[in-house]
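So the chains spell out like this:
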Amino acid sequence: MNETQVCVVGNVATQPVFRELAAGASARFRLAVTARYLDREKGVWTDGHTNFFTVWANRQLAANVAASLTVGDPVLVQGRLKIRTETRDGQSRTSADIDAATIGHDLARGTAVFRRTGRSPDPGAGPGAAHEQGPEPDWSTPAPTSPSPSPSLSAPASEEAPASEEAPIPVPAGS
């Protein structure tokens, strides 16, 4: 099925509303997206038209949205665009919804601290599908034991990098 995928950058306009439903958790919030442009005559940035989207999140994403987002947060939302038209009180109304697959803070406009959530087992995955999640691995780079010359990142491509003390990696024949 062809669906319109969008990635939208904006600000959380309403406090997320979280609901635990029979089909699973659901959360929604309004997202304000304002175009900005440089007014060359005045030399200042000017706000353009603001579009509002209703963002829907389901299951674990819904719980994470409820725990992480507040009004005014700059966010990125990626998901499926849904345009709805309905008639209320004799007037036709059109709204744009985003069924979110991913939501995150916009790190171009601030910082965030990420906390991994525990995974709940998938009931349809069968026995042994839920693995214990161990501690987060140590991703720090170990300190070098002895200083060794490293090739310069700005060296021209025509210059050869210094020979490494390690043995060359064998390449299988025929590749």
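See above for the structure.
All values reported here derive from a predicted model rather than from experimental measurement.

Each value, and the rule that gives it
Residues numbered from 1 in each chain as written. Predicted model: local features only at pLDDT ≥ 70, side-chain atom pairs only at ≥ 80, totals over all residues. Heavy atoms only, no water. Salt bridge = Lys/Arg side-chain N within 4 Å of Asp/Glu carboxyl O. Helix = DSSP H or I, 4+ residues; strand = E, 2+ residues; numbered from the N terminus. Buried < 20%, exposed > 50% of the residue type's maximum accessible area, 1.4 Å probe, protein only. Arc of directions from axis to C-beta. Contact = heavy atoms within 4.5 Å. Pairing = 2+ DSSP bridges. Polar contact = N/O pair within 3.5 Å; in protein donor to acceptor, adjacent residues only side chain to side chain.

## Comments concerning the pattern of salt bridges
Logical step 1: Evaluated as defined, the whole model comprises eight salt bridges.
Logical step 2: Close ionic contact of Glu-3 with Arg-80 constitutes a salt bridge, the shortest N to O distance being 3.3 Å. Within this pair, whereas Glu-3 is found in the segment before β1 (5-12), its partner Arg-80 is found in strand β5 (residues 74-88), the two being separated by 77 residues in sequence.
Logical step 3: Across the pair Asp-47 and Arg-36 runs a salt bridge, and its minimum N-O distance is 3.3 Å. Residue Asp-47 is found in strand β4 (residues 44-58), and its partner Arg-36 is found in strand β3 (residues 24-39); the two are separated by 11 residues along the sequence.
Logical step 4: In this structure Asp-47 comes out as exposed when scored by relative accessible area, which is 51%.
Logical step 5: In this structure Arg-36 comes out as exposed when scored by relative accessible area, which is 52%.
Logical step 6: Salt bridges sharing common partners tie together Glu-3, Arg-80, Lys-82 and Asp-99.

## Describing helix α1 (residues 59-68)
Logical step 1: For α1, the set of buried residues is Leu-61, Ala-62 and Val-65. One face of α1 carries all of its buried residues, which in axial projection span an arc of 105°. Set apart from the buried face of α1 by more than 90 degrees, the exposed residues are Arg-59 and Ala-67.
Logical step 2: Turning to α1, the residues buried within the fold contact β2 (17-21), β3, β4 and β6 (91-105).

## Some remarks on the pairing of β2
Logical step 1: Alignment of β2 against β3, held across five bridges, turns out to be antiparallel. Note that in β3 the partner of Glu-20 across the bridge is Ala-25.
Logical step 2: The turn joining β2 and β3, which pair antiparallel and follow one another in sequence, is formed by two residues.

## Brief notes about unusual backbone geometry
Logical step 1: For Arg-59, which is not glycine, the phi dihedral falls at a positive 55°.
Logical step 2: For Asp-89, which is not glycine, the phi dihedral falls at a positive 55°.
Logical step 3: Note on placement: Asp-89 falls in the loop between β5 and β6.

## Concerning the side chain of Asp-99
Logical step 1: Residue placement: Asp-99 occurs in strand β6.
Logical step 2: On the basis of relative accessibility, which here comes to 18%, the residue Asp-99 falls in the buried class.
Logical step 3: A polar contact is formed between the side chain of Asp-99 and the side chain of Arg-80, at a distance of 2.3 Å.
Logical step 4: With residues up to four places along the chain from it excluded, the contact list for Asp-99 reads Trp-56, Asn-58, Gly-79 and Arg-80.

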